[in-house]
Amino acid sequence: MPDIKKRETTRWIKAVAATYQRKIGEIGYLFCTDEKILEVNREFLNHDYFTDIITFDYCEGDMLNGDLVISLDTVRSNAELFGKPYDEELHRVIIHGILHLCGQNDKGPGEREQMEAAENRALALRR
């Protein structure tokens, strides 16, 4: 398990969700290896590649509900690749999943840049 300050992180996630006029319902976190996230990616999304996070959205109205499957292996390698502290990269990935639950996308034209800007705004709220 990663060393996450639960109360502080929960407050932060609630603050980010509030900026999208959303409330936090039930959010599940599964921290796993690259092998496990590849298995989940293949089974549920028919994708045959590694990723840092998979978000399962069960939202109802303005209530955020979902599961975040996070590969700690990929988080660690991305932190090294981008020259970022592990803790910062982990929180970026967590909030990335929350932003998906808030309705943010990152696959269409220009959406990746919008998602990165949203992540940066969210990370600024954590400080």
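The rules we used
Residues numbered from 1 in each chain as written. Predicted model: local features only at pLDDT ≥ 70, side-chain atom pairs only at ≥ 80, totals over all residues. Heavy atoms only, no water. Salt bridge = Lys/Arg side-chain N within 4 Å of Asp/Glu carboxyl O. Buried < 20%, exposed > 50% of the residue type's maximum accessible area, 1.4 Å probe, protein only. Helix = DSSP H or I, 4+ residues; strand = E, 2+ residues; numbered from the N terminus. Contact = heavy atoms within 4.5 Å. Pairing = 2+ DSSP bridges. Axes fitted to C-alpha atoms, helices over the stretch in contact; angles between N-to-C directions.

**Student:** For this particular structure, what's the right way to read the pattern of salt bridges?
**Tutor:** Once their charged atoms are close, side chains differing in charge can pair, the charge on each being opposite to the other. Enumeration over the complete set of coordinates arrives at eight salt bridges. Between arginine 112 and glutamate 119 there is a salt bridge, with its nearest N and O atoms 3.7 Å apart. Given a relative accessible area of 30%, arginine 112 falls into the partly exposed group. Exposure remark for glutamate 119: the relative accessible area of 2% places this residue in the buried category. A cluster of three or more residues bridged by salt bridges with shared partners is formed by Arg92, Asp106, Arg112, Glu116 and Glu119.

**Student:** Help me understand the environment of valine 69 in this model?
**Tutor:** Residue position: valine 69 is located in strand E3 (residues 63–71). Take valine 69: its relative accessible area is 6%, and that puts it in the buried class. Along the backbone, valine 69 and isoleucine 37 are 32 residues apart, and their C-alpha atoms lie at a distance of 7.0 Å. Not counting the four nearest positions on each side in its chain, valine 69 is found in contact with Leu30, Cys32, Ile37, Asp52, Ile53, Ile54 and Phe56.

**Student:** What's the story with the sheet that holds strand E2 (residues 53–57) in this structure? I'm lost.
**Tutor:** In a beta sheet, neighbouring strands are held together by backbone hydrogen bonds and run either parallel or antiparallel to one another. What the three strands build is an open sheet, ordered E1-E3-E2; its pairing is mixed. Every other strand in the sheet has two partners, leaving strand E1 (23–32) and E2 as the edge strands with one partner each. With direction set aside, neighbouring strand axes in the sheet form an average angle of 20 degrees. Packing of helix H2 (residues 34–45) onto the sheet brings it into contact with E1, E2 and E3, and relative to E2 it is tilted by some 40 degrees.

**Student:** Honestly, the pairing of E2 in this entry has me stumped. Any pointers?
**Tutor:** Looking along a regular strand, one sees side chains alternate from face to face of the sheet. Where E2 meets E3, five bridges bridge the pair, whose relative direction is antiparallel. Following the sheet pairing, isoleucine 53 is matched in E3 by isoleucine 70. If you look at the hairpin formed by E2 and E3, you'll find five residues sitting between the two strands, and glycine 61 has a positive phi there, around 60 degrees.

**Student:** Explanation requested: unusual backbone geometry in the structure shown.
**Tutor:** Leaving glycine aside, a negative phi is the common case for residues, and trans is the common case for peptide bonds. Positive phi outside glycine occurs at glutamine 21, with the angle close to 55 degrees. One can find glutamine 21 in the loop between helix H1 (6–18) and E1. Unusually for a residue other than glycine, asparagine 46 sits at a positive phi of about 55 degrees. In this fold, asparagine 46 is placed in the loop between H2 and E2.

On their own, these measurements won't tell you what the molecule is for.
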